Amino acid sequence: MTTARFDAHHYAADSLEPALRHAAARATLAPSIHNTQPWRWVVSPDRLDLYADSTRSVPAVDPTGRQLAISCGAALFGARVALAAVRLDASTILLPDPGDPELLASITVTHSEAPIDQVARRLDAAAPSRHS
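Residues numbered from 1 in each chain as written. Predicted model: local features only at pLDDT ≥ 70, side-chain atom pairs only at ≥ 80, totals over all residues. Heavy atoms only, no water.

## Some points on the overall build of the protein chain
- Along the protein chain, the regular secondary structure elements total 3 helices and 4 strands.
- Taking all 132 residues of the protein chain together, the buried fraction comes to 42%.
- Within the protein chain, contacts between residues separated by at least 24 positions form 60% of all contacts whose residues are at least 6 apart in sequence. (Helix = DSSP H or I, 4+ residues; strand = E, 2+ residues; numbered from the N terminus. Buried < 20%, exposed > 50% of the residue type's maximum accessible area, 1.4 Å probe, protein only. Contact = heavy atoms within 4.5 Å.)

Structural data, given as structure tokens:
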């Protein structure tokens, strides 16, 4: 899988949606319980929301949903790495809405043209090579 290299200077503060879409797509490469990808991303012009997708749970091997949550955490990490790799700092709020337990996190970009994060760039570049 080849993806275009994004860079923060291509995005004005009011047009971060393409970078957020790229981060959500990159996050889908994360490992997950039995490769179920038990998450759903909602992309807004200024925010990326991560939801647990309980329809993809595996109750026989994960009755408490702990591995589902860990899988979603791996996807969240992938999205944050993808943003950092293109010089976008992000703020993450975990469990932002107590009334919606499936909304696990909200990511907003707090600064564009952040310093280059070489570790994030290497991790992001390696993401398509991951396999199970």
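Having seen it, we continue.
## A short note on the environment of Val-119
- Tracing the backbone through its elements, the reader meets Val-119 in helix H3 (residues 118-126).
- Exposure remark for Val-119: the relative accessible area of 48% places this residue in the partly exposed category.

## Some details on the sheet that holds strand E2 (residues 48-52)
- Within the open sheet, the 4 strands sit side by side as E1-E2-E4-E3. Their pairing is antiparallel. Both edges of this open sheet fall to strand E1 (39-43) and strand E3 (88-94), since each of them pairs with a single strand only. In this sheet, neighbouring strand axes are inclined to one another by 20° on average, regardless of whether the strands run parallel or antiparallel.
- The sheet contacts of helix H1 (residues 17-27) involve E1, E2, E3 and strand E4 (103-112), and relative to E1 the element is tilted by about 175°.
- Running at roughly 155° to E3, helix H2 (residues 66-85) makes contact with E1, E2, E3 and E4 of the sheet. (Pairing = 2+ DSSP bridges. Axes fitted to C-alpha atoms, helices over the stretch in contact; angles between N-to-C directions.)

## Re the confidence of the model for the protein chain
- The share of residues in the protein chain with pLDDT of 70 or more is 89%, and the mean pLDDT across the chain is 89.
- At the level of individual helices and strands, the protein chain shows its lowest average pLDDT in H3, which scores 92, and its highest in E2, which scores 98. (pLDDT = per-residue confidence, 0-100.)

## Brief notes about the packing of H1 against H2
- Following both chains from N to C, one finds H1 and H2 inclined at 140°, their axes separated by 8 Å at the closest point. Judged on the interaxial angle alone, H2 and H1 are oblique. Handedness of the crossing formed by H1 with H2: right-handed. Across the interface between the two elements, Ala-19, Leu-20, His-22, Ala-23, Arg-26 and Ala-27 from H1 touch Ala-75, Gly-78, Ala-79, Ala-82 and Leu-83 from H2.
- Class assignment for the residues of the contact of H1 with H2 results in 8 nonpolar, 2 polar and 1 charged. (Parallel < 35°, antiparallel > 145°, perpendicular 65-115°, else oblique. Left-handed = near helix turned anticlockwise from the far one by under 90°. Nonpolar A, V, L, I, M, F, W, Y, C, P; charged D, E, K, R; others polar.)

## Considerations on the nonpolar core
- Grouped together as the largest cluster of nonpolar side chains are 26 residues, with contacts concentrated most on Trp-41, Leu-48, Leu-50 and Ile-107.
- Those elements giving two or more residues to this core turn out to be H1, E1, E2, H2, E3 and E4.
- When residues of this core are assigned to their parent elements, the largest contribution, 7 residues, is made by H2.
- If near-sequence neighbours (up to four positions away) are discounted, Leu-48 is found in contact with Leu-20, Ala-23, Ala-24, Trp-41, Val-42, Val-43, Ala-79, Ala-105, Ser-106 and Ile-107. (Core = buried A, V, L, I, M, F, W, Y, C linked by side-chain atoms within 4.5 Å.)

## Section: a nonpolar patch on the surface
- Together, Phe-77, Val-119 and Leu-123 make up an exposed nonpolar region whose accessible area comes to about 290 Å².
- Among the secondary structure elements, Phe-77 is positioned in helix H2. (Patch = residues over 30% accessible without salt bridge, like charges linked within 9 Å, V, L, I, M, F, W, Y side chains within 5 Å. Areas by Shrake-Rupley, 256 points an atom, 1.4 Å probe, with all protein chains shown as cover. Salt bridge = Lys/Arg side-chain N within 4 Å of Asp/Glu carboxyl O.)

## Some thoughts on the pattern of salt bridges
- What the rule picks out here adds up to 4 salt bridges.
- Of the charged contacts in the structure, one is a salt bridge between Asp-49 and Arg-47, with a shortest N-O distance of 2.9 Å.
- Since its relative accessible area comes to 4%, Asp-49 is described here as buried.
- Two residues, Asp-53 and Arg-56, come together in a salt bridge whose shortest N-O distance is 3.5 Å.
- A relative accessible area of 16% places Asp-53 in the buried class.

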